[in-house]
Amino acid sequence: MSTEIHGAIEYRHPDPDDEGPGRWNAAMDLWPLYDRSDYEAFACLFGVRNHAGFRPPADGRGLPPDLSDALRSDLGPLVDAGDLHSATWADWAEIAALDPHATPARYTGRLSWSTTSPPVTRERRLVPEQWPADVLAAVGPPPAGLDRTTGVSHWTHADVQCRYEPLTAACLLGPGTHWPHVFAVMKALADRFGDHGVRLVVAFN
């Protein structure tokens, strides 16, 4: 069963003559900024489906006690009923401080491959630094110089198309993913309300 993310970006308005001192307000839903189910990205940020062994900045915090009225109405009942799980949050200061080279404890990369001739098969695996024998048999030896700093790599072995992606925060959350759209909105709000005055609140089903 797939795991999907739900949530929104909030900001805390400091002006008592406007929104109330210190009150959190909903700014924008996570969708349509983000609409994928990338389990390693979820693990990297929030510790959800963390088979790889990431050290996430925002693991299992629950919903904030000062949640905005909009999210308390939208997410609160679903979390309370158990329809959504693993609720947590991270502010912009924590996200901006993520080490782009951070890697998990158990695996170093994400490998996928597919055959180009019938019968067409597709597989995907998390792999450690030393690839298992069955993986090497399927995809051949990795290209020279392939490591966690080289970014996404593609190659062909016999009739097999191969793709390798290092499990770094930069690859999982950077260009080519949907996360830069989320982070751009958070950064724009943080420029006005401060790095600790903007946060992403999420839960999963």
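Our subject is the structure that appears above.
Source: prediction; values computed, not measured. (Residues numbered from 1 in each chain as written. Predicted model: local features only at pLDDT ≥ 70, side-chain atom pairs only at ≥ 80, totals over all residues. Heavy atoms only, no water.)

Let us now look at the pairing of strand E7 (residues 160-166). Within E7, 5 of the 7 residues are buried, leaving the element largely enclosed by the surrounding structure. Two strands pair when backbone bridges link them, and strand E4 (residues 109-115) and E7 are joined in this way by 7 bridges, in the antiparallel orientation. By the bridge assignment, Gly 109 is partnered in E7 with Pro 166. As paired strands, strand E6 (residues 153-157) and E7 are joined by 5 bridges and run antiparallel to one another. Its bridge partner lying in E7, His 154 is registered against Arg 163. Taking the residues that link successive antiparallel strands as the turn, the E6-E7 hairpin has 2 residues, and the phi of Ala 158 there is positive, at about 55°. (Buried < 20%, exposed > 50% of the residue type's maximum accessible area, 1.4 Å probe, protein only. Helix = DSSP H or I, 4+ residues; strand = E, 2+ residues; numbered from the N terminus. Pairing = 2+ DSSP bridges.)

With that out of the way, let us pick up the sheet that holds strand E5 (residues 122-127). Reading across from one edge, E5-E4-E7-E6 is the order of the 4 strands in this open sheet, with antiparallel pairing throughout. Since the sheet does not close on itself, it has two edges, and those belong to E5 and E6, each with one partner. Strand-to-strand twist in this sheet, taken as the mean axis angle between neighbours without regard to direction, amounts to 20°. (Axes fitted to C-alpha atoms, helices over the stretch in contact; angles between N-to-C directions.)

Before going further, it helps to spend a moment on the pairing of E5. Examined bridge by bridge, E4 and E5 share 6 bridges and lie antiparallel to one another. If you follow Arg 110 over to E5, its bridge partner there is Leu 126. Count of turn residues in the E4/E5 antiparallel hairpin: 6 residues.

Counted according to the given criterion, the structure contains 11 aromatic pairs. On the numbers, 4.7 Å between centres and 20° between planes, the contact of Tyr 11 with Phe 193 is stacked. On the criterion of sequence distance, the pair formed by Tyr 11 in strand E1 (residues 5-13) and Phe 193 in helix H7 (residues 179-193) is long-range, its members being 182 residues apart. Note on accessibility: Tyr 11 and Phe 193 belong to one class, buried. An angle of 25° between the planes, with centres 5.8 Å apart, marks the rings of Trp 179 and Phe 183 as stacked. Linking Trp 179 with Phe 183, this pair stays in helix H7, spanning 4 residues, or about one helical turn. With respect to class, Trp 179 is no different from Phe 183; both count as buried. Over the ring of Tyr 39 we find Arg 49; its NZ or CZ atom is 3.8 Å from the centre of that ring. (Phe/Tyr/Trp six-rings, centres within 6.5 Å; stacked < 30°, edge-to-face > 60°. Lys NZ or Arg CZ within 6 Å of the ring centre and 35° of its normal.)

Time to look at the pattern of salt bridges. Under the definition given, this model contains 11 salt bridges. The residue Asp 69 makes a salt bridge to Arg 23 at a minimum N-O spacing of 2.7 Å. Here the residue Asp 69 occupies a position in helix H2 (residues 69-74), and Arg 23 occupies one in strand E2 (residues 23-29), the gap between them amounting to 46 residues. The exposure class of Arg 23 is partly exposed, given its relative accessible area of 40%. One salt bridge connects Arg 125 with Asp 134, and the closest N-O pair in it is separated by 3.0 Å. Using a relative accessible area of 47% as the deciding quantity, one classes Asp 134 as partly exposed. Here the salt bridges share partners, and the residues they tie into one network are Asp 38, Glu 40, Arg 110, Arg 124, Arg 163 and Glu 165. (Salt bridge = Lys/Arg side-chain N within 4 Å of Asp/Glu carboxyl O.)

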